[in-house]
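Letter by letter, the chains look like this.
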Amino acid sequence: TVKAQGMEEMWDSSASKKEHPNIQWFKDAKFGMFIHWGLYSKLAGTWKGKNYYGSGEWIMNQAKIPVKDYRKIAADFNPVNFNAEEWAQLAEDAGVKYMVITAKHHEGFSMFDSKVTGFDIMDATPYKKDPMKALSAAMRKRGIRFGFYYSQFQDWYEPNGGRNTWDYDESKKDYQSYYRQKAIPQLKELLTNYGPLGIVWFDTPGGMTKEQTAAFVKELRQLQPNSLFSSRVGQGMGDYKDFGDSEVPPVPIEGAWESIYTHNDSWGYIAHDMNFKSPDEIIKLLANVASKGGNLMLNVGPDGSGKIPEYSVKYLQRAGAWLKKNGAGIYASTAGFIPAQPWGVTTAKPGKLFLHVFNRPLNDTVLVPGFTNAVSNVYALDGAVKLPFIKKGEDLYINMAAVKNVRSPNTVLVVEFRGTP
Ligand code: FHN
């Protein structure tokens, strides 16, 4: 494995950096659900009859919608189909171990009950309920960690928030006053009113020096020392590394980290985006990320009524069904010590190497080269089917003909061995 460097300039991967004492659950989790949900979900990728594509949550910026028009969307935002139990049940069925949802994205709208602003779901919409209260409770009930995404710098609604250049003059902004008056008090609300949070997921840092970021982190940490902060808090801080959007590192990486992916092409709901990753693609992506030692956090974008797109529901459930049988090769695993092969990738646990066979060899013979340890047993995880093997020097040959399910997107074979690799 190598240290994460150069992948995201701000991340401090020095060995001297102490790990967060509560990091182990995150390292073991492997699979998380990301949710982008806000006023943009109601626009669904369309503004004044024009269709936008790519990132639904960026529509205010793409269409340069003035704040005075954007705020009106809230008056019609009424997600009556939102059902916290259904969302939490989907998370459980999908087999994710954590969920992170947008409390406030760049648009500046608060999807929670905030006393700091009137531009929140309680005050500005007919819905007048706090969906985050219900969701955090439903997740806790199921023992799945819950966390908030919070756009700490970009806030296109506020005159002093980052990056709205169509209403405000960026050079005249006082970012510090925005941090003092909105971001910090809101983060305090989130860290106080929703029980223990697994993660606070920051995004697109800006407007703070290293010293200011350190003070910001320190102040917030006091409220929930057990909660993990993502690396996008900026300035090399945070408890684990997030790679760029839709990025998997090419080689195994040490330490706690996460790859983040959209399910279709957008984070926020776009009605005309039907490019959903199939269950097979999700299963392979998850194994690929795990084989490098990281977590996959996969996003879904509910619509403005509060419904998660049916393809996200169906496909995540199918991925979850695979995980029920094959999760031992994913959860709590570490990067595989055998690099990617023509047939697939590997993950590991003490005394076990998991072969994730994506491309079943036509002769049913899986070659694992460079395997130095003595092998005691080989079997397919699903059904515990024992498989014959031979070792020729450091080449391990496994015959998987006895595995009958030829359609599986990822057949996991377990190699039990003696000693340390
Ligand atoms: O600009 C955002 C984007 O809308 C989305 O939230 C992603 C998710 O990782 N983060 C930012 C871009 O990196």
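Just so it is clear, the structure is predicted and the values come from calculations on it, not from any experiment. (Residues numbered from 1 in each chain as written. Predicted model: local features only at pLDDT ≥ 70, side-chain atom pairs only at ≥ 80, totals over all residues.)

### Observations regarding the overall build of the chain
Helix and strand counts for the chain come out as ten helices and 19 strands. For 421 residues, the compact-globule formula gives about 22 Å, and the C-alpha radius of gyration of the chain, at 23 Å, lands near that figure. Dimensions of the chain, computed from C-alpha atoms along their principal axes, come out at roughly 70 × 45 × 35 Å. (Helix = DSSP H or I, 4+ residues; strand = E, 2+ residues; numbered from the N terminus. Rg over C-alpha atoms; globule rule 2.2 N^0.38 Å.)

### Some details on the sheet that holds strand β13 (residues 352-357)
Read across the open sheet, the six strands follow the order β11-β12-β13-β19-β15-β16; overall the sheet is antiparallel. With one partner strand each, in any of the chains shown, β11 (334-335) and β16 (385-386) form the two edges of the open sheet. Pairing of strand β12 (residues 344-349) with β13, which is carried by six bridges, proceeds in the antiparallel orientation. Each residue of the ladder has a partner; that of Thr 346, found in β13, is Leu 355. (Pairing = 2+ DSSP bridges.)

### Some points on the environment of Glu 57
Examined against the element boundaries, Glu 57 turns out to sit in the loop between β3 (50-51) and α3 (59-62). Apart from residues no more than four positions distant in its own chain, Glu 57 is found in contact with His 36, Gly 38, Tyr 40, His 105, His 106, Glu 107, Trp 267 and Gly 268. (Contact = placed C-beta atoms within 7 Å.)

### A few points about the packing of helix α5 (residues 84-94) against helix α6 (residues 131-141)
Between α5 and α6, whose axes approach to 9 Å, the crossing angle comes to 40°. Taken together, α5 and α6 sit at an angle that is classed as oblique. Two packed elements cross with a definite hand, and for α5 against α6 that hand is right-handed. Every residue of α6 that contacts α5 at Ala 84, Glu 85, Trp 87, Ala 88 and Ala 91 is listed here: Pro 131, Ala 134, Leu 135, Ala 138 and Met 139. (Axes fitted to C-alpha atoms, helices over the stretch in contact; angles between N-to-C directions. Parallel < 35°, antiparallel > 145°, perpendicular 65-115°, else oblique. Left-handed = near helix turned anticlockwise from the far one by under 90°.)

### Digging into the confidence of the model for the chain
When the pLDDT values of the chain are averaged, the result is 96; 96% of them are 70 or greater. Across the whole predicted complex the pTM is 0.97, and at the interface the ipTM reaches 0.99. (pLDDT = per-residue confidence, 0-100.)

### A look at the domain arrangement of the chain
Domain annotation of the chain identifies domain 1 (24-329) and domain 2 (336-417). The distance between the C-alpha centroids of domain 1 and domain 2 comes to 37 Å. Counting from both sides, the interface comprises eleven residues of domain 1 and, opposite them, twelve residues of domain 2. Among the secondary structure elements, those contributing two or more residues to the side of domain 1 that touches domain 2 are α9 (279-291) and α10 (310-326). At seven residues, α9 tops the list of elements feeding residues into the side of domain 1 that touches domain 2. For the side of domain 1 that touches domain 2, the per-class residue count stands at four nonpolar, four polar and three charged. (Domains from an automatic or database assignment. Nonpolar A, V, L, I, M, F, W, Y, C, P; charged D, E, K, R; others polar.)

### Structural notes on the packing of α5 against α10
Two numbers describe a pair of packed helices, the interaxial angle and the distance between the axes. Relative orientation of the contacting elements α5 and α10 amounts to 40°, with a least axis distance of 7 Å. Between α5 and α10, the residues in contact are Leu 90, Asp 93 and Ala 94 and Val 313, Leu 316, Gln 317, Ala 319 and Gly 320, respectively. Of the residues assigned to the contact of α5 with α10, the class counts are five nonpolar, two polar and one charged.

### Thoughts on unusual backbone geometry
If you check the backbone angles, Ala 44 has positive phi at about 55° while not being a glycine. Non-glycine residue Ser 246 carries a positive phi angle of around 55°. Along the polypeptide, Ser 246 turns up in the loop between β8 (241-245) and β9 (257-261). Residue Ser 246 is classed as exposed on the basis of its C-beta count, with 12 C-beta atoms lying within 10 Å. (Buried ≥ 20, exposed ≤ 12 C-beta atoms within 10 Å, placed from the backbone.)

### A short note on the environment of Gln 222
Inspection of the secondary structure assignment puts Gln 222 in the loop between α8 (210-221) and β7 (228-229). Taking the C-alpha atoms as reference points, Gln 222 and Leu 191, separated by 31 residues in sequence, lie 9.6 Å from one another.

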